Amino acid sequence: MVDQSITSLAKKLRAKDISSVELTQDYLARIKQLDGQLNSYITVSDEIALAQAEAADKLIASGSTSALAGIPIAHKDLFCTDGILTTCASKMLHNFIPPYESTVTGRMQASGAITLGKTNMDEFAMGSSNENSHYGAVKNPWNLDKVPGGSSGGSAAAVAAGLCVAATGTDTGGSIRQPASFCGITGLKPTYGRVSRFGMIAYASSLDQAGPMARSAEDCAHILQSIAGFDTNDSTCSEIATEDYTANLDAPLSGLSIGLPKEYFGDGLNNDVAKAIQDAVKEFEKLGATVKEISLPNLNLSIPSYYVIAPSEASSNLSRFDGVRYGYRCEDPKDLMDMYKRSRGEGFGKEVQKRIMVGTYALSEGYYDAYYLKAQRIRRLIKEDFVKAFEQVDVIMGPVAPTTAFGIGAKTDDPIAMYLEDIYTLSVNLAGVPAMSIPAGFADGMPVGLQIMGNYFSEAKLLNVAHKFQQATDWHTKNPSLAEGA
Amino acid sequence: MNWEVVIGLEIHAQLSTNSKLFSGAATSFGAEPNTNTTLVDLGMPGALPVFNKEALRMAVMFGHAVNAEIGMTSIFARKNYFYPDLPKGYQTSQMDDPIVGKGYLDITLDDGTVKRVGITRAHLEEDAGKSLHEDFHGMTGIDLNRSSTPLLEIVSEPDIRSAKEAVAYVKMIHSIVTYLGICDGNMAEGNMRCDVNISLRPKGQEAYGTRTEIKNVNSFRFIERAIYTEIERQADILEDGGKITQETRLYDPDKDETRSMRSKEEANDYRYFPCPDLLPIELTQEYVDQIAANLPELPKQKADRFMSEYKLSEYDAGVLSATRAMADYFEETANVAGNAKLAANWVMGELSKYLNSESKDISESPVSAGHLGGLLVRIEDNTINGKTAKSVLQAMWDGEGSADDIIEAKGLKQVTDTGAIEAVIQSVIDANPAQVEQFRASDEDKQKKMIGFFMGQVMKASQGKANPGMVTPILNKLLKG
């Protein structure tokens, strides 16, 4: 069951081989059985899931053609879900039950998808290892001593271990792609503005983008179809029309030009990871693609630029968590200032506090020009790099991360090493272009992800490229033994 | 020393949109706490602002009205600070690229001179909520109904030189925004609030002195008083060789004094940066031009029209166009009465006396413009005389109905029957033989002076109902025998 795709399950649901209620019960049972080892869920919403499954069975019986109808999925715990605890993996929101639904989860529900629960993550999406969670670290299903990546680590681990058919994630600096890479699944970060941010608890508003995490590009296409498109509740959401994301999955890749940025294959890239990526690129050449070396010269500046812009926006976005209206409030505050200081000091974890401090500093009078404005100038340069590159090639490929999943605790004391994890993913967010991570082999028994970057609003093309690769290879069908054994 | 006062004003005008600046919640005043709110106004996690285009239209209207440059690309910025009634921990405002840039307006001072005051800028921003300190047993309640209500902050250049000029400026802004219909202008409800920046410098010195800012003054009278007391306070300090501390102060109307709220050292660093949840506002020239073409009549244009169309004096036209409510009231009264000069006299005279005595605005007048016009019609057609009309107005003020109702009910209709008037005059002549004798013995000049006595007696005897225009010739005829 663990390797069943949305497409095959949709067929079985319509053939009445299985009902959505049965399918949902199976997944709930697997979560109960296996998640003790992974810690991938913060909340499992059994009752709501089963009620939704009953409704989905009726929807299917009445002839619904939605691919997602009756499919059990999980949501990263920063999408507000009406009536379901939404914590952002923070003590700050340990008691927060939203009375409203995010656009992403609402649209998936409208498509008939079942909400199994809410997945673990780095607190407020700040982290690359899923170790920064009030609810504890998530384990990588391929090796329980390793991290699943972050910040959407719970979603990635749950999909990889077969604890949901697919999941939602969000990607601010690589938070869909890097955990997808570490856990051997397929993840898509859409173009900024392709998917509404309404009801998604903000980390860095100008970078945050929701996307699917699943077992294949085809499954990602089904989910994107449901969640993409204009939303009047989000002013930054694009009015550009969506495409049919499954229609051209099988289009041949002959003539596809692939750019390999030389900066993605330099120092710091693990040799085994590099080998896997090079092998994957050869596979594309077999499929008819041509390859050329290109340059994204400002890659190295993406880290300082990102780590100014993201914390700056975060420092403001997270100001609303003040203990006044909802969420955590300290015990017996003696006055207003005490309430603010202790509620925020006790409610936020260390990494969140660190980024709030960094952002506050960068926006302060006298530092704003040197930090925030300079970071924005670099951001424009990085964007121009991509625009120029896409004048030469159709897609850009490279590694998602310099290494495979690292050990739990290995980088927690070295923030710079942790931040360097994001070197290949950050620039995509700064530019706002879409990118995917797809399984492309293994190094030392751990999955390696290939990153495919596309031009603005070229999601259909990316999914086509990824799908053709997955038709020719079987990396995406591999399962961790933990999942197989259950 | 001889001090020159330098004043700059920041006026917050609440725009009269139906919904809030960034949400669909209603902006109505006086609703139950926290009922006029959406996720956005409550600062809920994941809620995003959606800009109300109506506020944009209103801001552009204002820009045109003060001859300002319109920001073709303007940007919302976040002003970050913590306060319990600021639900997001930041106020969405505008910093570097406001919707309205440099402009000016002309104010007329008491001596009739016209002064030009520069407008530095005007920008859109959202209001905060309200903290309620009563009824919560030592705790503070938060009402977020006002949260995200649209404000236009209008910043003047430091061109103002006295309290009187400041009040004239604020009144002109008030007049413009109400004429444009973009602000209700009700200062008591906080529709318009004013921050006053004041400094003193020795006359002739170019450099500005250290300024203080008096926050949130909310009536014309308080603005004047606050400025007077602050000037006095600063002058006392400077005269004693002291230094002014740059700080924010509050005006206490009960004590008629300003007191310190916070000094510059304690001031927030607001960490402004462009709001990533909102796109820059890009305007087309067509949009801007269309608003300019459809701008309603402004105070100055209205006054000019009153002079040409109704032949009013410059002074009268100025008074009657001072507020849109006043101008509308006058025009309706004039149209009903059919005599603009008479309408002007009554609105500025008798009616204003009543309004002033009860501190009411013309918009709150219990006598409608239609009713006052109806009263003037009865003066015009000689049904009543001016003196009687004053008593009818009193009755109208007291809510006794229209002029016709009151004239009818009280039997105030003027006597225009020649026979009846003759009879009254004859009775007066008969009752005052000595005076009649004296009159008849006097020369013409003396007689002219004495006629007033008989006139008064006749009006008294007729209980004011005799038509004075008819009494005079008959009285003259009968007295001369």
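Residues numbered from 1 in each chain as written. Chains lettered and ligands numbered in written order. Predicted model: local features only at pLDDT ≥ 70, side-chain atom pairs only at ≥ 80, totals over all residues.

## Describing the interface of chain A and chain B
Across the boundary between the two partners, chain A contributes 30 residues, which contact 25 residues of chain B. Of all the elements in the fold, those that place two or more residues in the side of chain A that touches chain B are α9 (302–317), α10 (336–347) and α11 (350–363) of chain A. In terms of residue count, α9(A) provides more of the side of chain A that touches chain B than any other element does, three residues in total. Split by residue class, the side of chain A that touches chain B holds 10 nonpolar, 13 polar and seven charged. (Contact = placed C-beta atoms within 7 Å. Helix = DSSP H or I, 4+ residues; strand = E, 2+ residues; numbered from the N terminus. Nonpolar A, V, L, I, M, F, W, Y, C, P; charged D, E, K, R; others polar.)

## Thoughts on the sheet that holds strand β6 (residues 114–126) of chain B
All names here are of chain B. An order of β5-β6-β9-β1-β10-β11-β12-β13 is seen for the eight strands of this open sheet, with the pairing classed as mixed. Where the open sheet ends on each side, the last strands, each with one partner, are β5 (103–108) and β13 (257–263). The sheet shows a mean angle of 30° between the axes of neighbouring strands, taken without regard to direction. Taken together, the five bridges between strand β1 (residues 3–14) and strand β9 (residues 150–156) define a ladder with antiparallel strand orientation. Opposite glutamate 10, over in β9, you have valine 155 as the bridge partner. Lying on the sheet, helix α1 (residues 53–65) is in contact with β5, β6 and β9; it crosses β6 at an angle near 165°. (Pairing = 2+ DSSP bridges. Axes fitted to C-alpha atoms, helices over the stretch in contact; angles between N-to-C directions.)

## Focus on the nonpolar core
One broad rule of soluble globular proteins: the nonpolar side chains tend to lie buried together. Ranked by internal contacts, the top residues of the largest apolar core, which has 217 residues, are Ile73(A), Cys164(A), Ile452(A), Ala59(B), Phe62(B) and Val196(B). Considering each element in turn, this core owes the most residues, nine residues, to helix α2 (residues 163–180) of chain B. Those residues in contact with Ile452(A) that lie beyond four places of it in its chain are Val395(A), Met397(A), Ala435(A), Met436(A), Ile438(A), Leu462(A), Val465(A) and Ala466(A). (Core = buried A, V, L, I, M, F, W, Y, C linked by C-beta atoms within 7 Å. Buried ≥ 20, exposed ≤ 12 C-beta atoms within 10 Å, placed from the backbone.)

## Notes on the domain arrangement of chain B
Taken domain by domain, chain B comprises domain 1 (3–290), domain 2 (297–410) and domain 3 (418–479). Taking only C-alpha atoms into account, the centre of domain 1 of chain B sits 65 Å from that of domain 3 of chain B. (Domains from an automatic or database assignment.)

## Looking at the pairing of strand β5 (residues 186–189) of chain A
Residue and element names in this part refer to chain A. Residues Thr186 and Leu188 point to one face of β5 and Gly187 and Lys189 to the other, with burial holding for every one of them. Relative to strand β6 (residues 209–214), β5 runs antiparallel, the two sharing two bridges. Bridge pairing in β6 links glycine 187 to methionine 213. Two strands pair when backbone bridges link them, and β5 and strand β10 (residues 435–443) are joined in this way by three bridges, in the antiparallel orientation. Bridge pairing links lysine 189 to alanine 435 in β10.

## Examining the environment of Glu232(B)
Residues and elements named next belong to chain B. Looking at the element boundaries, glutamate 232 is found in helix α3 (residues 220–239). Since 12 C-beta atoms lie within 10 Å of it, glutamate 232 is described here as exposed. Glutamate 232 sits 25 residues away from glutamate 257 along the chain, and the two C-alpha atoms are 9.9 Å apart.

## A short note on the sheet that holds strand β4 (residues 90–94) of chain B
Residue and element names in this part refer to chain B. The strand order across the open sheet built from three strands is β4-β3-β14, with neighbouring strands paired in antiparallel fashion. What marks the edges here is a single partner per strand, and that holds for β4 and β14 (273–274). Here strand β3 (residues 76–80) pairs with β14 via two bridges, running antiparallel. Across the sheet, the residue bridging to arginine 78 is phenylalanine 273, located in β14.

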